[in-house]
There are 2 protein chains.
Amino acid sequence: MDTVFKALSGATRRQLLDRLHSSNGLSLGELCAEMGMTRQAVAKHLTLLEAANLVVVRRRGREKLHYLNPVPITEIADRWIGKYERHKVRVLADLKRGLEERSDG
Amino acid sequence: MDTVFKALSGATRRQLLDRLHSSNGLSLGELCAEMGMTRQAVAKHLTLLEAANLVVVRRRGREKLHYLNPVPITEIADRWIGKYERHKVRVLADLKRGLEERSDG
DNA sequence: GAAATGTGCAACTAATTGGTTGCATGTCAA
DNA sequence: TTGACATGCAACCAATTAGTTGCACATTTC
């Protein structure tokens, strides 16, 4: 659980999750594109994401394919939002998002 | 949004949220108890939690009361879990939790 | 099997972070 | 208005982190 928060704490790692969210199953090389840093740096970040089980990998020949695993993310909310509180909070969040989209979205 | 992840990245700050989750509206002094560090350190952590809007405060005389705000936490999940994917992932998370409770809980 | 491609591992540096100490400010009670 | 309590602010230090460079290993292709 600790590892999940650690993994999510870095902007680079969140960006990697964004990439995988919009295009799942990318290789290390593909993930490096547009990241503006060395391949080794990206690989280190992916190691943390794997340790947190936020990313799972599958090898294909010399390539390593990365897939986003959303389960640990839901467990974050479960820690501080009670089961019967969820719906109420979701309504609030949706309302907030709606207002933001109208004003500056 | 960035500030939320930064705030959640520290174990001490997560512990503070735990305290507020089980007993909302505590003062700085009350939050310091059982934290095993100086008041100033705790105050710094609370500053970050406020900046992230995870904690909102209300002054009462010379005291500063702290309240947990769960909305930013739901927004984390929204970033990487699509609206129509939520239900499926929740079922998986509940299943996982159920299995864990049976085995080692 | 040699070259090109894709990845793995380790040492190093600059910047950030988590905690400390010391002192200042504001509020309540007598 | 003095003393006690609750909090605020700033300088400082040790440990962690984000990125780098350099080299090694594995797989495909010719």
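Attention in this report is confined to the structure presented alongside it. (Residues numbered from 1 in each chain as written. Chains lettered and ligands numbered in written order. Predicted model: local features only at pLDDT ≥ 70, side-chain atom pairs only at ≥ 80, totals over all residues. Heavy atoms only, no water.)

## Looking at the protein's contact with DNA strand D
As a matter of local geometry, DNA strand D sits amid 21 residues, with A:T38, A:Q40, A:K44, A:H45 and B:G29 nearest to it. Considering DNA strand D, the proportion of its atoms within 4 Å of the protein that are sugar or phosphate atoms stands at 55%. B:R39 has a polar side-chain atom sitting 2.9 Å from a base oxygen of DNA strand D. A per-element tally of the surface near DNA strand D places helix α4 (residues 39-51) of chain A first, with four residues. Looking at the surface near DNA strand D residue by residue, the class counts come to three nonpolar, eight polar and ten charged. (Near = heavy atom within 4 Å. Polar contact = N/O pair within 3.5 Å; in protein donor to acceptor, adjacent residues only side chain to side chain. Helix = DSSP H or I, 4+ residues; strand = E, 2+ residues; numbered from the N terminus. Nonpolar A, V, L, I, M, F, W, Y, C, P; charged D, E, K, R; others polar.)

## Here we look at the pairing of strand β3 (residues 63-68) of chain B
All names here are of chain B. Alignment of strand β1 (residues 26-27) against β3, held across two bridges, turns out to be antiparallel. Paired with L26 across the strands is H66, a residue of β3. Here six bridges tie strand β2 (residues 55-60) to β3, and the two strands are oriented antiparallel to one another. The partner of R59 across the bridge, within β3, is K64. The antiparallel hairpin formed by β2 and β3 contains two residues in its connecting segment, where G61 sits at a positive phi of about 60°. (Pairing = 2+ DSSP bridges.)

## Re the interface of chain B and chain A
Counting residues at the interface gives 29 residues for chain B and 29 residues for chain A. Between chain B and chain A lies a buried interface of about 3000 Å² when both sides are counted; carbon and sulfur atoms form 59% of it. Three residues, B:R14, B:W80 and B:R90, lead the burial of chain B against chain A; their summed loss comes to 23% of the area buried on that side. Our enumeration of links across chain B and chain A arrives at eight salt bridges. The salt bridge involving B:E75 is made with A:K96; its shortest N-O contact spans 2.9 Å. The tally of links from chain B across to chain A stands at twelve residue pairs in polar contact (both at pLDDT 80 or more). Breaking the side of chain B that touches chain A down by element, the ones donating at least two residues are α1 (2-8), α2 (11-22), α5 (71-80) and α6 (86-103) of chain B. Considering every element that reaches the side of chain B that touches chain A, the biggest residue donor is α5(B), with nine residues. (Contact = heavy atoms within 4.5 Å. Buried area = accessible area lost by both parts, 1.4 Å probe. Salt bridge = Lys/Arg side-chain N within 4 Å of Asp/Glu carboxyl O.)

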